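# Descriptive structure summary
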Amino acid sequence: MGKLAVRALRAVLAVLLAGTVLVQAGMVWALATDPEEGSLPLTPLRLIAILGMVSVQVALVCVWRLLAMVRRGTVFSHAAFRYVDAVIGAIVAAALLWFAVTALNAPGQRDDPGVTVIMGGVGLAILGVALIVLVLRMLLAQAVARDVEAARMQAELDEVI
């Protein structure tokens, strides 16, 4: 991976991390100062937003750590699975939080249930991303296994020579 690509991805990750912290701060501020008004229950939605930002932050930090492993050339190791598993967990958590938002929003959409169906579809799409990362994890597992096998074969070859 080129140095420019690594720097660009790190810049994007840093901006996203800062953005999620700002959103969290705004939600905490709103929880403390803004009373509930209107038909939607704002307190649960604000808490879900804060937790959603935590799941995004976990994924961002794990991608940062994986990027560091790529730069060092150690990504094809068992240590990478911890970060990939955390990314999968964060995505699943985000999907579950989105389903909670959908459930909170559903009573207000009785006249137009299509909105709830679309929101449910978005939740399924988020779960689909988790499945894609799971498939990529399986590919990583195959690559690690081949790397271990190649190292074993190289050691045997070095003994023969």
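Since the structure is predicted, the reported quantities are computational estimates derived from the model, not experimental observations. (Residues numbered from 1 in each chain as written. Predicted model: local features only at pLDDT ≥ 70, side-chain atom pairs only at ≥ 80, totals over all residues. Heavy atoms only, no water.)

## A word on the overall build of the protein
Helix and strand content of the protein: four helices and zero strands. Secondary structure of the protein in N-to-C order comes out as α-α-α-α. Against the compact-globule benchmark of 15 Å for 161 residues, the protein has a radius of gyration of 21 Å, which places it well outside the compact range. Counting only C-alpha atoms, the protein reaches 80 × 30 × 25 Å along its principal axes. The contacts in the protein between residues at least 6 apart in sequence include a share of 70% that link residues at least 24 apart. Accessible surface for the protein amounts to roughly 10300 Å². Of this, 72% is attributable to carbon and sulfur atoms. Of the charged side chains in the protein, 12 are positive and 11 negative, and the gap between their average positions amounts to 10 Å. (Helix = DSSP H or I, 4+ residues; strand = E, 2+ residues; numbered from the N terminus. Rg over C-alpha atoms; globule rule 2.2 N^0.38 Å. Contact = heavy atoms within 4.5 Å. Areas by Shrake-Rupley, 256 points an atom, 1.4 Å probe, with all protein chains shown as cover. Lys, Arg positive; Asp, Glu negative; His and termini not counted. Charge placed at Lys NZ, Arg CZ, Asp CG, Glu CD.)

## Section: the packing of helix H2 (residues 42–72) against helix H3 (residues 79–105)
Running from N to C, H2 and H3 cross one another at 160°; their axes reach a closest spacing of 9 Å. Comparing their axes, H3 and H2 come out roughly antiparallel. For H2 against H3, the interelement crossing comes out left-handed. The class makeup of the residues in the contact of H2 with H3 is 23 nonpolar, two polar and one charged. (Axes fitted to C-alpha atoms, helices over the stretch in contact; angles between N-to-C directions. Parallel < 35°, antiparallel > 145°, perpendicular 65-115°, else oblique. Left-handed = near helix turned anticlockwise from the far one by under 90°. Nonpolar A, V, L, I, M, F, W, Y, C, P; charged D, E, K, R; others polar.)

## Digging into a nonpolar patch on the surface
Taken together, Leu-131, Ile-132, Leu-134, Val-135, Leu-136, Met-138 and Leu-139 make up a surface patch of nonpolar side chains, about 660 Å² in accessible area. With respect to the secondary-structure elements, Leu-131 resides in helix H4 (residues 114–160). The class of Leu-131 is exposed, set by a relative accessible area of 54%. (Patch = residues over 30% accessible without salt bridge, like charges linked within 9 Å, V, L, I, M, F, W, Y side chains within 5 Å. Salt bridge = Lys/Arg side-chain N within 4 Å of Asp/Glu carboxyl O. Buried < 20%, exposed > 50% of the residue type's maximum accessible area, 1.4 Å probe, protein only.)

## Describing the nonpolar core
Formed by 15 residues in total, the largest nonpolar core has its most connected members in Leu-66, Met-69, Ala-80, Val-84, Val-133 and Leu-140. At the level of elements, H2, H3 and H4 are the ones that each hand at least two residues to this core. Top contributing element to this core by residue count: H3, with seven residues. The residues touching Ala-80, leaving out its near neighbours within four places in the chain, are Leu-66, Met-69, Val-75 and Leu-140. (Core = buried A, V, L, I, M, F, W, Y, C linked by side-chain atoms within 4.5 Å.)

## A look at the environment of Trp-98
Mapped onto the fold, Trp-98 is located in helix H3. The spatial distance from the C-alpha of Trp-98 to the C-alpha of Gly-52 is 8.3 Å, given a sequence separation of 46 residues. Discounting chain neighbours no more than four positions away, the residues touching Trp-98 are Met-119, Val-122, Gly-123 and Ile-126. At 2.7 Å, the side chain of Trp-98 forms a polar contact with the backbone oxygen of Met-119. (Polar contact = N/O pair within 3.5 Å; in protein donor to acceptor, adjacent residues only side chain to side chain.)

## Quick word on the pattern of salt bridges
Summed over the entire model, instances satisfying the criterion amount to three salt bridges. Between Arg-137 and Asp-85 there is a salt bridge whose closest N-O contact spans 2.5 Å. Taken together, the residues Arg-137 in helix H4 and Asp-85 in helix H3 connect sequence positions 52 residues apart. For Glu-149, the salt bridge goes to Arg-152, with nearest N and O atoms at 2.3 Å. One end of the pair, Glu-149, and the other, Arg-152, are both in helix H4, three residues apart, so they sit about a helical turn from each other. The class for Glu-149 is partly exposed, based on a relative accessible area of 34%. Assessed through its relative accessible area of 38%, Arg-152 is described here as partly exposed. Each member of the salt-bridge network shares a partner with another, and the members are Glu-149, Arg-152 and Glu-156.

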